[in-house]
Structures are given as C-alpha cells and as structure tokens.
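Chain by chain, the residues run as shown.
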Amino acid sequence: MPDSTAPDRGGFGGHARGDRDYRRALIALFFAGVATFAQLYSPQAVLPQISEQLGIGAADSALLVSAATIGLAAGVIPWSMAADRFGRVRAMTVATVGATFLALVIPFLPTLPLLIGARLVEGALVGGVPAVAIAYLSEEIAPAHVARAAATYIAGTSIGGLSGRLVSGPVADLVDVLPLDHDALPGWRAGMLAVAVLCAAAAIVFIRLVPAARSRHRPVVGIARTLGRHLRDPRLLALYAQGLLLMGGFVAMYNYLAFRLVAAPYDLSPALVSLIFVAYLAGTWSSSRAGSLVGRFGRRPVLLGGSLVMLAGVAMTMASAVVVIVAGLVVATAGFFAAHAIASGWTGVAAAQGKAQSSSLYNLAYYGGSSLFGWLGGVFFTAAGWTGTAGMVAALVVVAVAVTLLVLPREARR
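Residues numbered from 1 in each chain as written. Predicted model: local features only at pLDDT ≥ 70, side-chain atom pairs only at ≥ 80, totals over all residues. Heavy atoms only, no water.

**Quick word on the overall build of the chain**
Line of reasoning, step 1. Within the chain one finds 17 helices and 2 strands.
Line of reasoning, step 2. Across the 414 residues in the chain, those meeting the buried criterion constitute 55%. (Helix = DSSP H or I, 4+ residues; strand = E, 2+ residues; numbered from the N terminus. Buried < 20%, exposed > 50% of the residue type's maximum accessible area, 1.4 Å probe, protein only.)

In structure tokens form, the structure reads like this:
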C-alpha cells in the first residue's frame, strides 16, 4: 500500500536546483530554522544568571529550557495535522510569527511561573516548523534535490540553536557590566531579548521569500491507527528510545556544565562560558560523516559507535582541567550528533507506512527526553555537583546502547 502522505504533484515536477524558487525555498527554510531554534535554546547560555537573579536552583532555572521543549514535543503532531488542513506555508508562517512574538514578550515577564508558562506556549508554536518543513520540501523540491534541500534546513536549525546561545551569553555579560538599572532589565533578560530581535529579522526573511506551495498533499487517513502501529513495533520503539535517552543526556550536559564553569575554581565569565556552544560545530561534521559510514558498516555499528564516543566524551568532562573538559564536550557532541543522525533517519526506513508519523514520534521522544532529563540533570547537579549530572548522562547512554544491542541486531544484519 502506498504511503497516504505521498505528495500529488499534479504535473509539477518540483523546483530543481538552480531555479529561482528553489533558491528562495532553501533560503526561506534556512531562516525559518534560525528564527525558531535560536529562541528555543536562548536561555541555556544564561541559566546561571537566571538562577542567581531569581533566587532559584539550577533545576528550576532549567525549566525555562524544558518547558519550551515540552511544548515543542506536544505540538509536533497537531501541527502536522493542521498543515494538512490549512497548508504547509500558512502553518509555518503562523508558527514562526506566533513564536517570535512571544520571544519578544518573554524577557519582560516578571515571575518564574509566567516565564515557564510562556515558554511552554512558545515551544508549542516553534513545533510548527520542524513538524512541517521537511514535508514541504519533499513536496515542493524535485526528488533528486530533496536531500540537499533538507540538509540546508537542518543547517539552519543548528545555526539557529548555536547563534541563540552565542548571542544571549555575551549580551547578558555586557549588560551586567554596564552602568544600567539592572533591576529593570537584568543581563539575562537583555540577552534573550537580543535573540528575539534576531529571530524577528529571520522570520521576516522567511515570510518574504518562501514560495507558495504548488503540490497537492493527501491528508493522513487513520492517523491514530498508524501511530498505534508504530508504538507496537519493537524496532521503532528502540529507535525512539535513542532520541529520548541520548538527547536527554545531551541537553543536561549543556544545561549544567555552565554552572560548573562559572563557579570556583574556574570563575569563568558568562560570555566566555557561552563559547562552549561552538562545540556544536563538531556535530555538524559528525552527522554528515556518520551518513557516509553507513554504506560501509551499516546503521547499527555506526549508531553504537556514536553512542560510545558520546560516553567517552562524558567521561572526559569529569577531569579538572578546563582544556580536557572542553575537549570532552566536543567529543560527546560529535558522538551524539552521529548517533542522532542515524537513529532519526532509521525511523523512516523502519516504518513500512506512515513514515511522516514515525518521524513525528521520534521528534516527540527526542524533545520529551530533552525536557525530562534536561531538568532531572539539575536535581543530580544539586545533590552531587557535576559528578552527579555526568553520571546520569553516562547512565542514559549505557541504557541506549543496551537497547540497541538487544532490539536492533536483526535489522542491522540486513
């Protein structure tokens, strides 16, 4: 049976590489990725300042990240259904504009409950872009060029996530040392506001450039039945577990390492600590490298290899020397993105039907893990410092490796 979500191009072959609308689509989706993912993780670089200024613990401050990723996880499937009904471009436009509006408001909200509630809604709105972007590209770009177009969008999300962290940290540090009324606008609020302005500019570029959809898409029929079938498939559940466990550990690592580095004996400035997020570039390299290794070794060995590299990097962060800690972060980041690239791609291959729904469930697990373990890592940090957080992350990776070994070997041998 053909996949009910396959696009009906109606004689339209899709925008080919070199076409004007092909370039517009790629640029637009790149900036959509920047507009949404920069704001999603912008608080991560300023969590220590949030904790200090609001008088809350590390785990509580991390709720500003977890609330947004919970919202994103909850919004992915509803947004995919809305896009079927109202159109891909309209859904992404509403999501981007709504999320950016909230991003501009959030820095001025006075209390932690208001901040957390608004971040939850912001995350749900952000979910409209990852839920729809790949489907839009697969329907509007010529089949021979879809992979390249999708890679450009993914690059936009990674650049967005990186720029949000790199902007908010230094801006917060700068504002905190200027002779300003820091009670009215503390540095961390100014940092998040600067990221929101960046997102607004990127959203305008997206809206101005994105070509109108020309392909007709068939709405998903029997979505509950399709989701239920996926959730009864042990192979798919094992792959969803990779997203849940590995992403959870990855976000916890970045959430709380900053708390360690701004405290004694390191006493690094927030601007300097924000530079640790440049380690994300190791993931840009490793994810593409992992794809090329699959042809030689198969998915399962590369997935296991990426997980074990991540585990080695986590162990390196237990050292006391800053150089070794940062090197460990780079290694762990490279391993995580390699494993994530394989697991996320494998979900579509392993699903005989309803591939889009399989990917949505992976995203649900992926961001659910980010929310749950991104917060829980703070509980371990409060109880046992970095040793506690790193131990939790290592345990998550070990469980992910065990699930791969126990459930996925037959699939890999094929």
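**Topic: the packing of helix 1 (residues 20-40) against helix 6 (residues 112-126)**
Line of reasoning, step 1. Across the interface, helix 1 lies against helix 6 with an axial gap of 10 Å and an inter-helix angle of 155 degrees. Looking at the two axes, helix 1 sits roughly antiparallel to helix 6. In terms of crossing hand, the pair formed by helix 1 and helix 6 is left-handed. Between helix 1 and helix 6, the contacting residues are Thr36, Gln39 and Leu40 on the first element and Arg119, Glu122 and Val126 on the second.
Line of reasoning, step 2. Counted by class, the contact of helix 1 with helix 6 contains 2 nonpolar, 2 polar and 2 charged residues. (Axes fitted to C-alpha atoms, helices over the stretch in contact; angles between N-to-C directions. Parallel < 35°, antiparallel > 145°, perpendicular 65-115°, else oblique. Left-handed = near helix turned anticlockwise from the far one by under 90°. Contact = heavy atoms within 4.5 Å. Nonpolar A, V, L, I, M, F, W, Y, C, P; charged D, E, K, R; others polar.)

**Observations concerning a nonpolar patch on the surface**
Line of reasoning, step 1. On the surface, a nonpolar cluster with roughly 330 Å² of combined accessible area is contributed by Phe101, Leu104, Val105 and Val197.
Line of reasoning, step 2. Within the fold, Val105 resides in helix 5 (residues 88-105). (Patch = residues over 30% accessible without salt bridge, like charges linked within 9 Å, V, L, I, M, F, W, Y side chains within 5 Å. Areas by Shrake-Rupley, 256 points an atom, 1.4 Å probe, with all protein chains shown as cover. Salt bridge = Lys/Arg side-chain N within 4 Å of Asp/Glu carboxyl O.)

**Concerning the nonpolar core**
Taken as a class, soluble globular proteins show a tendency for nonpolar side chains to be buried jointly.
Line of reasoning, step 1. Grouped together as the largest cluster of nonpolar side chains are 113 residues, with contacts concentrated most on Leu29 and Phe250.
Line of reasoning, step 2. Among the elements that line this core, the one with the most residues is helix 11 (residues 234-262), at 18 residues.
Line of reasoning, step 3. Apart from residues no more than four positions distant in its own chain, Leu29 is found in contact with Met92, Ala133, Tyr136, Leu137, Tyr153, Phe206 and Val210. (Core = buried A, V, L, I, M, F, W, Y, C linked by side-chain atoms within 4.5 Å.)

**Some words on the environment of Tyr256**
Line of reasoning, step 1. Tracing the chain through its elements places Tyr256 in helix 11.
Line of reasoning, step 2. Polar contacts involving the side chain of Tyr256 include one to the main-chain carbonyl oxygen of Gly374, which spans 2.7 Å. (Polar contact = N/O pair within 3.5 Å; in protein donor to acceptor, adjacent residues only side chain to side chain.)

**As for the environment of Arg289**
Line of reasoning, step 1. Mapped onto the fold, Arg289 is located in helix 13 (residues 280-297).
Line of reasoning, step 2. C-alpha of Arg289 to C-alpha of Ala341: the two residues are 52 residues apart in sequence and 9.6 Å apart in space.

**Here we look at the confidence of the model for the chain**
Line of reasoning, step 1. Overall, the predicted model of the chain reaches an average pLDDT of 87, with 89% of residues at or above 70.
Line of reasoning, step 2. Low pLDDT (under 50) marks residues 1-6, which in the prediction has 13 contacts with non-local residues, meaning those over four places away or in another chain. (pLDDT = per-residue confidence, 0-100.)

**Considerations on the pattern of salt bridges**
Note on pairing: side chains with opposite charge can pair once their charged atoms come close.
Line of reasoning, step 1. Taken as a whole and assessed by the stated rule, the structure comprises 3 salt bridges.
Line of reasoning, step 2. Between Glu122 and Arg119 there is a salt bridge; the shortest N-O distance is 3.0 Å. With Glu122 and Arg119 both in helix 6 and 3 residues apart, the pair spans about one turn of that helix.
Line of reasoning, step 3. The exposure class of Glu122 is buried, given its relative accessible area of 2%.
Line of reasoning, step 4. With a relative accessible area of 0%, Arg119 lands in the buried category.
Line of reasoning, step 5. Where Arg235 meets Asp233, a salt bridge forms, and the shortest distance between an N and an O atom there is 3.4 Å.
Line of reasoning, step 6. The exposure class of Arg235 is partly exposed, given its relative accessible area of 26%.

**Things to note about the packing of aromatic side chains**
Line of reasoning, step 1. Taken as a whole, this structure holds 15 aromatic pairs when the rule is applied.
Line of reasoning, step 2. Ring centres of Phe250 and Tyr280 lie 5.5 Å apart, and the angle between their planes is 50 degrees; this geometry places the pair in the tilted category. One end of the pair, Phe250, is in helix 11; the other, Tyr280, is in helix 13, with 30 residues separating them in the sequence. Accessibility classification places Phe250 together with Tyr280 in one group, the buried group.
Line of reasoning, step 3. Considering the side-chain rings of Tyr366 and Tyr367, the 4.9 Å spacing of their centres and the 85 degrees angle between planes classify their relative orientation as edge-to-face.
Line of reasoning, step 4. In this structure Tyr366 comes out as buried when scored by relative accessible area, which is 8%.
Line of reasoning, step 5. Every member of this aromatic cluster is reached through a ring pair, and the members are Phe250, Tyr254, Phe277, Tyr280, Phe336, Phe337, Tyr362, Tyr366 and Tyr367. (Phe/Tyr/Trp six-rings, centres within 6.5 Å; stacked < 30°, edge-to-face > 60°.)

**Describing the environment of Ala194**
Line of reasoning, step 1. For Ala194, the position within the fold is in helix 9 (residues 187-209).
Line of reasoning, step 2. In this structure the C-alpha to C-alpha distance between Ala194 and Val171, which are 23 residues apart in sequence, comes to 7.4 Å.
Line of reasoning, step 3. The residues touching Ala194, leaving out its near neighbours within four places in the chain, are Val167 and Val171.

**A word on unusual backbone geometry**
Line of reasoning, step 1. A cis amide bond links Ala264 to the next residue, Pro265, at an omega of 5 degrees.
Line of reasoning, step 2. Looking at the element boundaries, Pro265 is found in the loop between helix 11 and helix 12 (270-274).
Line of reasoning, step 3. The backbone of Asp267 shows a phi angle near 55 degrees, a positive value even though the residue is not glycine.
Line of reasoning, step 4. Looking at where Asp267 falls in the secondary structure, it is placed in the loop between helix 11 and helix 12.

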